[in-house]
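If you want the building blocks of each chain, they are given just below.
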Amino acid sequence: MPHRPSHFSRRQMIAAQVNASAANARHRDRLAASLDRARTECDALESELSDQHDETANALRAAITRIRTALDTPEPRQ
């Protein structure tokens, strides 16, 4: 006959799931804050480049666009 987990074990398992869920939420919040900071930095860089129209400024604007695209493109699920 298979061993059934005790009531205490089920409680521990539920507590572990709750703790893992809270840790995931904190991690998501930190990631979202990091993405917001990166977007803000892109805005600041674009603002600094707004009056410049040489090749270097154009290359930097293109790089900023690629960074924004990377920030806004979700990773494929594995």
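For the structure, check the block above.
For clarity, every value in this text was computed on a predicted model and none was experimentally measured.

*Asks:* Hey, could you go over the pattern of salt bridges for me, with residue numbers and the actual values?
*Replies:* According to the stated counting rule, one finds 4 salt bridges in the structure shown. Between Arg-39 and Asp-36 there is a salt bridge, with the nearest N and O atoms lying 3.6 Å from each other. Pair noted here: Arg-39 and Asp-36 are both in helix 1 (residues 7–49), with a separation of 3 residues, about one helical turn. The partner of Asp-72 in a salt bridge is Arg-39, and the shortest N-O contact between them spans 2.7 Å. Taken together, the residues span a long stretch of sequence, with Asp-72 in helix 2 (residues 55–72) and Arg-39 in helix 1 at a distance of 33 residues. Classification of Arg-39 by relative accessible area gives partly exposed; the value is 25%.

*Asks:* Before we move on, could you go through the environment of Ile-64 and cite the residues and values that matter?
*Replies:* Relative to the elements of secondary structure, Ile-64 occurs in helix 2. Sequence-wise, Ile-64 and Leu-45 are 19 residues apart; in three dimensions their C-alpha atoms are separated by 8.0 Å. Aside from chain neighbours lying at most four places away, what touches Ile-64 is Cys-42, Leu-45, Glu-46 and Leu-49.

Basis of the calculations
- Residues numbered from 1 in each chain as written.
- Predicted model: local features only at pLDDT ≥ 70, side-chain atom pairs only at ≥ 80, totals over all residues.
- Heavy atoms only, no water.
- Salt bridge = Lys/Arg side-chain N within 4 Å of Asp/Glu carboxyl O.
- Helix = DSSP H or I, 4+ residues; strand = E, 2+ residues; numbered from the N terminus.
- Buried < 20%, exposed > 50% of the residue type's maximum accessible area, 1.4 Å probe, protein only.
- Contact = heavy atoms within 4.5 Å.

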